[in-house]
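# Observations on chain architecture
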Amino acid sequence: MQLGLSVSDSDVSSFTPLVVLELADDTKAEAITWLLNRIRDKQKIGGAELLVDQLLFPAQDGQKSNPNVFVVGSTLQRLLKGAEDVGLFKEFQDGIMRGFTYANRESFKDFYGDGEGFLSDAECQYIIKHELDTLRAKNEEHVPGYPKVKLYPGKSVVRRLQSKGVLVQYFPLHNKEDLKRLSFSWYKKIKLSFQPLDDIRHYFGEGLALYFGFLEYFTFALVPMALIGIPYYLFDWEDYDKYVLFAVFNLVWSTVFLEVWKRCSATFAYGWGTLSRKKAFEEPRAGFHGALGFNPITGREEPVYPSSKRQLRIYLVSVPFVLLCLYLSFYVMMVYFDMENWAISVYNENPNFGTGILLFVPSIIYAVVIEIMNLLYRYAAEFLTNWGEPEILLFSLLITVFFFFFFLQFNFVNCFASLFYIAFVMQDMVLLRQSLATLLITSQILNQVMEAFLPYWLQRRRNKKVHKRMRRVMGDKELPLLEQVQLETEMNTYLGTFDDYLEQFLLFGYVSLFSCVYPLAAVLVVLNNITEVYSDAFKMCHVFKRPFSEPAANIGVWQLAFETMSIIAVVTNCALIGLSSQVKAYFPESETQMILIVVAIEHVLLAFKFILAFVIPDVPKDIQVKLAKLEFDSLEALKKRVTSLLQCHMILQ
């Protein structure tokens, strides 16, 4: 990507635009002037020192276009200095990843000349976002032209404008040439090969690249399970007693799978410079406002919210709402069982092809209802998080994690409660296999339609309308930047990797929880994930706005969620083994003894699981050595600096 003072194709801007910033069309002129000046001002006087130009769209269909759309860019020197401000890590000449500094820029590998191409697309746009987000209020009491929009000294201007609707959106622009190359190497050719994760990381950032790396790793890790599951399905389908060995293999596999992934993610993160990178301090929510108080973390005055009111919101509203949702999940599950019993009774009265198909209808309807309820729970969890999320960072993190796990509980109950009921209350293994297969296949089809195909179809219709309007107004005159910005402004916003990880989490549950009953689950998940790679790649390139890079060193709290699921899988599979007639035959007179032995085996497997997790190091040895060397060099540099300061002090005395 060409940076600096190059001219765009349409001469609309005197620099290469990287980020689009859209204000409300009725924004006051004094507010616009004030914001643009703050963006252009030098850093030493509190500005962002970025380049910004206005885009003027022609009127379309007799309607005036929004005049308050701007493109933001930067000089290469400013981006390099910004790379130091955000704490980017780059490979040094000695092969070790070190924090980038502008003063030592020529000592870093791949830095040639003035540094053109040294920073990736995603890094450049991330730096601009950081500079915009950290544009802080100075002595202004309110936004010019908006007396009611108060400003607090030291707080983010951009976030405040966004919370009040003055700033509609800001997002990174796609680079059409780079996107074309990435699309060709990523998904346009059907091939059995690894994804171009480094290219994905350069274009979309580490967070998305890490998700696609996990998706690829999960898919390949499932291949042994799938290969073993196929013969079990073909030859021992009616005798699930013989799946004991398959269940034990599954338990060992789930532990090794997660522990080896930690090593893989550490390797990715180190090579991408995020393993040692410190996460920036997160600001309070943009929409939060209240009386000024003292923040013990930042040492500054900022809006605070009384702890008593926060607790009342959580325990009197949020927790009862969560319990209500869980009750609804169980109620819907019981309705499903009534439908299932009705379908079975109809089939028993008149067994034929039509009534045989009817047996699958309740499971299909239930799977669709599950997906709808999961979607509603997602919106509810986001609302409760934003509503109940306080202003202090520590509590904010705790509340966010709290609702994250409650949302997982919603999905877990929705997707798996009926299967647990069939397995351990009804003890109907034939119905369990049928329900598991129907839920798995139906949810996969719905996810593919809702995540990729439907959004693409809607976006394609919007693109055609925008293209026709622009051509009708401008005729044959080419304005590629204006048209691109117009198209991307109307694209849907990508909400992050939460839903993508959630889908893989549920698929992992289907595979690990009931493997000894339905060994084909791994085969279906492998097929789903192969199509998921292509559909997710397609939607990121053509359906959604380009997201800002999110630096990530691992998959975060999802690692804990997957590990929790694997522990539940140990208990579930051991219980299923204990229910088998083959095991019960060994203890014809003492059911208590059988239960004690099954519990003992479960504890042994859990102990083995934790020992295995302890034995397999999370970070490969070579990376541990490099990290230790980096820490040693940092301490040595600090010692030299302290010694130099002491010598200067002695000379002055």
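So, how was this worked out
Residues numbered from 1 in each chain as written. Predicted model: local features only at pLDDT ≥ 70, side-chain atom pairs only at ≥ 80, totals over all residues. Heavy atoms only, no water. Helix = DSSP H or I, 4+ residues; strand = E, 2+ residues; numbered from the N terminus. Buried < 20%, exposed > 50% of the residue type's maximum accessible area, 1.4 Å probe, protein only. Contact = heavy atoms within 4.5 Å. Areas by Shrake-Rupley, 256 points an atom, 1.4 Å probe, with all protein chains shown as cover. Salt bridge = Lys/Arg side-chain N within 4 Å of Asp/Glu carboxyl O. Pairing = 2+ DSSP bridges. Axes fitted to C-alpha atoms, helices over the stretch in contact; angles between N-to-C directions. Lys, Arg positive; Asp, Glu negative; His and termini not counted. Phe/Tyr/Trp six-rings, centres within 6.5 Å; stacked < 30°, edge-to-face > 60°. Lys NZ or Arg CZ within 6 Å of the ring centre and 35° of its normal. Patch = residues over 30% accessible without salt bridge, like charges linked within 9 Å, V, L, I, M, F, W, Y side chains within 5 Å. Parallel < 35°, antiparallel > 145°, perpendicular 65-115°, else oblique. Left-handed = near helix turned anticlockwise from the far one by under 90°. Nonpolar A, V, L, I, M, F, W, Y, C, P; charged D, E, K, R; others polar. UniProt positions renumbered as here; feature names shortened; annotations may be inferred. Core = buried A, V, L, I, M, F, W, Y, C linked by side-chain atoms within 4.5 Å.

Within the protein chain, the secondary structure is distributed over 20 helices and 10 strands. Relative to its 653 residues, the protein chain shows a buried fraction of 50%. Contacts in the protein chain between residues at least 24 apart in sequence constitute 74% of all its contacts with a sequence separation of at least 6. Summing over all exposed atoms, the protein chain offers an accessible surface of approximately 32,000 Å²; the carbon and sulfur share of this is 63%.

All right, on to the pattern of salt bridges then. Two side chains carrying opposite charge are able to pair once their charged atoms lie near each other. A complete count under the given rule lists 16 salt bridges for this structure. Among the ionic contacts, a cluster of salt bridges with common partners joins Lys90, Glu123, Arg201 and Glu206.

A separate point is the sheet that holds strand β3 (residues 69-73). Across the sheet, which stays open at both edges, the 4 strands sit in the order β2-β3-β1-β8 with antiparallel pairing between neighbours. Every other strand in the sheet has two partners, leaving β2 (51-55) and β8 (167-172) as the edge strands with one partner each. With direction set aside, neighbouring strand axes in the sheet form an average angle of 20 degrees. Judged from the 5 bridges that link them, strand β1 (residues 19-23) and β8 form a sheet pairing that is antiparallel. If you follow Leu23 over to β8, its bridge partner there is Leu167. Contacts between helix α3 (residues 121-133) and the sheet are confined to β1, β3 and β8, with β8 contributing the most and set at about 155 degrees to the helix.

Burial analysis of β1 places 5 of its 5 residues in the buried class, the great majority of the element. Every second residue of β1 is oriented toward a common face, with Val19, Leu21 and Leu23 on one face and Val20 and Glu22 on the other, all of them buried. Bridging between β1 and β3 involves 4 bridges; their strand directions are antiparallel. Within the sheet, the bridge partner assigned to Val19 lies in β3 and is Val72.

The residue Glu340 is located in helix α9 (residues 307-349) in this model. Buried and unpaired, Glu340 has Arg433 as its nearest opposite-charge partner, separated by 13 Å. Excluding its chain neighbours within four sequence positions, the residues that come into contact with Glu340 are Leu359, Pro362, Ser363, Leu431 and Gln434.

A separate point is the packing of aromatic side chains. Inspection of every chain in the model, using the stated rule, returns 35 aromatic pairs. When the centroid spacing of 5.3 Å and the interplanar angle of 35 degrees are considered together, the rings of Phe194 and Phe220 count as tilted. You can see Phe194 sitting in the loop between α5 (176-186) and α6 (197-204) and its partner Phe220 sitting in helix α7 (residues 206-235), a full 26 residues away along the chain. Across from the ring centre of Tyr146, 5.2 Å away, lies the NZ or CZ of Lys28, which sits over that ring.

This brings us to a nonpolar patch on the surface. A surface patch of nonpolar side chains, about 630 Å² in accessible area, is lined by Phe360, Ile364, Val368, Ile372, Leu375, Leu376 and Tyr379. Overall, the relative accessible area of 42% leaves Leu375 in the partly exposed class.

The next subject is the environment of Leu182. Following the sequence through the fold, Leu182 ends up in helix α5. Note: C-alpha distance between Leu182 and Tyr203 (21 residues apart in sequence) is 8.3 Å. With near-sequence residues (within four places) excluded, Leu182 lies in contact with Pro196, Asp199, Ile200, Tyr203 and Phe204.

The contact between α7 and helix α15 (residues 498-513) brings their axes to 11 Å, and the two run at 15 degrees. Here α7 is positioned roughly parallel relative to α15, judged by the angle of their axes. Between α7 and α15 lies a crossing whose hand is left-handed. On α15, the residues that touch Leu210, Tyr211, Phe214, Leu215, Phe218, Leu222 and Met225 of α7 are Asp500, Tyr501, Gln504, Phe508 and Val511. Each residue belonging to the contact of α7 with α15 can be placed in one class, and the counts come to 10 nonpolar, 1 polar and 1 charged.

Further remarks concern the UniProt feature "transmembrane region" (unreviewed entry) in the protein chain. Following the UniProt record, the feature "transmembrane region" (unreviewed entry) maps to residues 208-231, 243-261, 314-337, 357-380, 392-424, 436-458, 505-527 and 594-616 here. Helix makes up 96% of residues 594-616 and strand 0%, with an end-to-end C-alpha separation of 33 Å.

To continue, consider the nonpolar core. Formed by 102 residues in total, the largest nonpolar core has its most connected members in Trp186, Phe204, Phe212, Trp253, Phe257, Phe416 and Tyr510. Ranked by the residues each element gives to this core, the list is headed by α7, at 14 residues. One finds Leu23, Leu88, Val157 and Leu161 within the second-largest nonpolar core, a separate group that totals 45 residues.

A word on the environment of Leu151. Relative to the elements of secondary structure, Leu151 occurs in the loop between β7 (146-150) and α4 (157-163). By relative accessible area, Leu151 is classed as buried at 8%. When the C-alpha positions of Leu151 and Asn139 are compared, they lie 8.6 Å apart, and in sequence the two are 12 residues distant. Not counting the four nearest positions on each side in its chain, Leu151 is found in contact with Trp34, Ala137, Glu140, Glu141, His142, Val143 and Arg160.

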